[in-house]
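Summary of structural features
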Amino acid sequence: MNLENYFISQFNSSRIGDDGALIGDTVYSKDAFFENVHFKTKWMSHYQIAAKSMMINISDAISMNAKPKYALLSVAMPKSISKQQMRELASGFKDTASTYGIEIIGGDTISNIKLDITITIISTTKRPLLRSGLRQGYMIAYTGELGKSKKDLQRLLGNAKLHKKSKFVDIKLREKFVNNCSRLLSSGMDISDGLFSDLDKLASANKLGFKFNKKISKAIACSGEEYEMLVAFDKRYKKALIRRAAQVRTPLNIFATSARVRYTNRCKAHHF
Ligand SMILES: Nc1ncnc2c1ncn2[C@@H]1O[C@H](COP(=O)(O)OP(=O)(O)OP(=O)(O)O)[C@@H](O)[C@H]1O
Ligand SMILES: Cc1ncc(C[n+]2csc(CCOP(=O)(O)O)c2C)c(N)n1
Ligand SMILES: [Mg+2]
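Calculation rules
- Residues numbered from 1 in each chain as written.
- Chains lettered and ligands numbered in written order.
- Predicted model: local features only at pLDDT ≥ 70, side-chain atom pairs only at ≥ 80, totals over all residues.
- Heavy atoms only, no water.
- Helix = DSSP H or I, 4+ residues; strand = E, 2+ residues; numbered from the N terminus.
- Rg over C-alpha atoms; globule rule 2.2 N^0.38 Å.
- Buried < 20%, exposed > 50% of the residue type's maximum accessible area, 1.4 Å probe, protein only.
- Contact = heavy atoms within 4.5 Å.
- Areas by Shrake-Rupley, 256 points an atom, 1.4 Å probe, with all protein chains shown as cover.
- Lys, Arg positive; Asp, Glu negative; His and termini not counted.
- Charge placed at Lys NZ, Arg CZ, Asp CG, Glu CD.
- Disulfide = S-S within 2.5 Å.
- UniProt positions renumbered as here; feature names shortened; annotations may be inferred.
- Polar contact = N/O pair within 3.5 Å; in protein donor to acceptor, adjacent residues only side chain to side chain.
- Near = heavy atom within 4 Å.
- Nonpolar A, V, L, I, M, F, W, Y, C, P; charged D, E, K, R; others polar.
- Pairing = 2+ DSSP bridges.
- Axes fitted to C-alpha atoms, helices over the stretch in contact; angles between N-to-C directions.
- Donors = N, O, S within 2.8 Å, 3.2 Å for Na, K, Ca; no water.
- Salt bridge = Lys/Arg side-chain N within 4 Å of Asp/Glu carboxyl O.

1. Focus: the overall build of the protein chain
For the protein chain, the helix and strand inventory stands at eight helices and ten strands. Taking 272 residues into account, the globule formula puts the C-alpha radius of gyration at 19 Å, and the protein chain, at 18 Å, falls close to it. Seen through its C-alpha atoms, the protein chain measures out along the principal axes to roughly 55 × 45 × 40 Å. Considering the protein chain as a whole, with its 272 residues, one finds that 48% of them fall into the buried category. Taking contacts inside the protein chain between residues at least 6 apart in sequence as the whole, the part at least 24 apart equals 86%. Looking at the protein chain as shown, the accessible area adds up to about 14600 Å², and 52% of this sits on carbon and sulfur atoms. For the protein chain, the distance from the average site of its 45 positive side-chain charges to the average site of its 24 negative ones is 7 Å.

This is the structure we're talking about:
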């Protein structure tokens, strides 16, 4: 067990383990977005930082087929922050929240040596899409294209500038796909750590592994912060799913089948 899971396992809660905790028809989720861990202030404007921190949080709700309703924002800011930067942060939070119909209902503001954001999202769902529910012989797919986020991160680390539309700053979520296809999916989650790492989470949640029917390079499968969907479905629904994904213009890459084999993540763990 890696150290992250070792720590989380101390809580011994059956609610833990999905993108958010489902209680009744409400989903509670929280994600951190910290300076020097998730971004550097020279890479992005304060507006972009706030907007991305909201999007990565909304992603966990969307990935469970839940509609985000409320947000609680915790913001730690350096004492040197200007009013202009504060207004930019606030606009980034407000614009993204309003795009998704989210009401910002509270939070906490403190000063610190870095800009660190933590957001709680409360969302509701009539048909939750969970990580569990995978059975042997189901097909595994991801949406869209993977790899660009890692490339752009490497560019930034090499001091290059990003394109304004770069996925690193401008995330598009797959709410239409999840909404239109959830009834055909057995399981789903968003790809935040990278395909191979997130497959590891899917494998442990279901005590199954995967047989790959395509070779996927590490450049693609170890790229984190993609916020595409990783999904599983019964083979019987393959045609219907391809049709429904096309209706919402979502590329679907079917690349593996679940099987009783051991899964090994070939990417480096990035937390510990
Ligand atoms: N410090 C913690 N205390 C309690 N539960 C935690 C803690 N950290 C993580 N969890 C829970 O563990 C599970 C996995 O968390 P994780 O952060 O890996 O979610 P994720 O959506 O897969 O990843 P990411 O943070 O990359 O978006 C979730 O159910 C989460 O709520
Ligand atoms: C300064 C800086 N260094 C590295 C990265 C790359 N990175 C950070 S978190 C993450 C995956 C999901 O994270 P989490 O599980 O923490 O939510 C990735 C790929 C970055 N964005 N900024
Ligand atoms: Mg997630």
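2. Some remarks on the state of the cysteines
Tallied over the entire structure, the rule returns one disulfide. Bridging cysteine 222 to cysteine 267, the disulfide has an S-S length of 2.0 Å. Taking the sign of the torsion about the S-S bond as the criterion, the disulfide between cysteine 222 and cysteine 267, at about -85 degrees, is left-handed. Placement of cysteine 222 in the loop between helix H7 (218-221) and strand E9 (229-233) and of cysteine 267 in the segment after strand E10 (252-259) is noted, with a sequence separation of 45 residues between them.

3. Here we look at the UniProt feature "binding site: Mg(2+) 3" (unreviewed entry) in the protein chain
Taken from the UniProt record, the annotation "binding site: Mg(2+) 3" (unreviewed entry) applies to Asp19, Asp60 and Asp190. The annotated residues occupy 172 residues of the chain but converge on a single region, no pair of C-alpha atoms lying more than 7.7 Å apart. When its relative accessible area of 7% is taken as the criterion, aspartate 60 is described as buried. For aspartate 60, the contacting residues outside a window of four places in its chain are Asp19, Ser29, Asp31 and Asp190. Polar side-chain contacts of aspartate 190 include one of 2.6 Å to the side chain of serine 59.

4. With respect to the site of ligand 1
Around ligand 1 sit 14 residues in total, of which Gly17, Asp18, Arg131, Ser192 and Lys201 are the nearest. The separation between an oxygen atom of ligand 1 and a polar side-chain atom of serine 192 is 2.8 Å. One of the side-chain N or O atoms of aspartate 193 is found 3.0 Å from an oxygen atom in ligand 1. A total of 610 Å² of accessible area belongs to ligand 1 in isolation, and the protein chains cover 69% of it. Broken down by element, the residue count for the shell around ligand 1 peaks at three residues, all from helix H1 (residues 3-9). When grouped by side-chain class, the residues that make up the shell around ligand 1 number four nonpolar, two polar and eight charged.

5. Some details on the sheet that holds strand E5 (residues 116-124)
What the five strands build is an open sheet, ordered E1-E2-E5-E3-E4; its pairing is mixed. Both edges of this open sheet fall to strand E1 (21-23) and strand E4 (103-111), since each of them pairs with a single strand only. On average, adjacent strands in this sheet sit at an angle of 15 degrees to one another, irrespective of strand direction. Inspection of the sheet shows strand E2 (residues 26-34) paired to E5 by nine bridges, in the antiparallel sense. Each bridged residue has a counterpart across the sheet, and for lysine 30 the counterpart in E5 is threonine 120.

6. Points about the coordination of the magnesium ion (ligand 3)
Binding of the magnesium ion (ligand 3) to the protein goes through Asp19 (OD), Asp60 (OD) and Asp190 (OD), at separations of 2.2 to 2.3 Å. Here the donor residues of the magnesium ion (ligand 3) are spaced in sequence according to D-x40-D-x129-D. With aspartate 19 in the loop between H1 and E1 and aspartate 60 in helix H2 (residues 46-63), this pair connects stretches of sequence that are 41 residues apart.

7. What about the pattern of salt bridges?
According to the stated counting rule, one finds 14 salt bridges in the structure shown. Close ionic contact of glutamate 228 with lysine 167 constitutes a salt bridge, the shortest N to O distance being 3.6 Å. Residue glutamate 228 is located in the loop between H7 and E9, and its partner lysine 167 is located in the loop between helix H4 (148-157) and helix H5 (175-181); the two are separated by 61 residues in the primary sequence. Given a relative accessible area of 5%, glutamate 228 falls into the buried group. The partner of glutamate 228 in a salt bridge is arginine 174, and the shortest N-O contact between them spans 2.7 Å.

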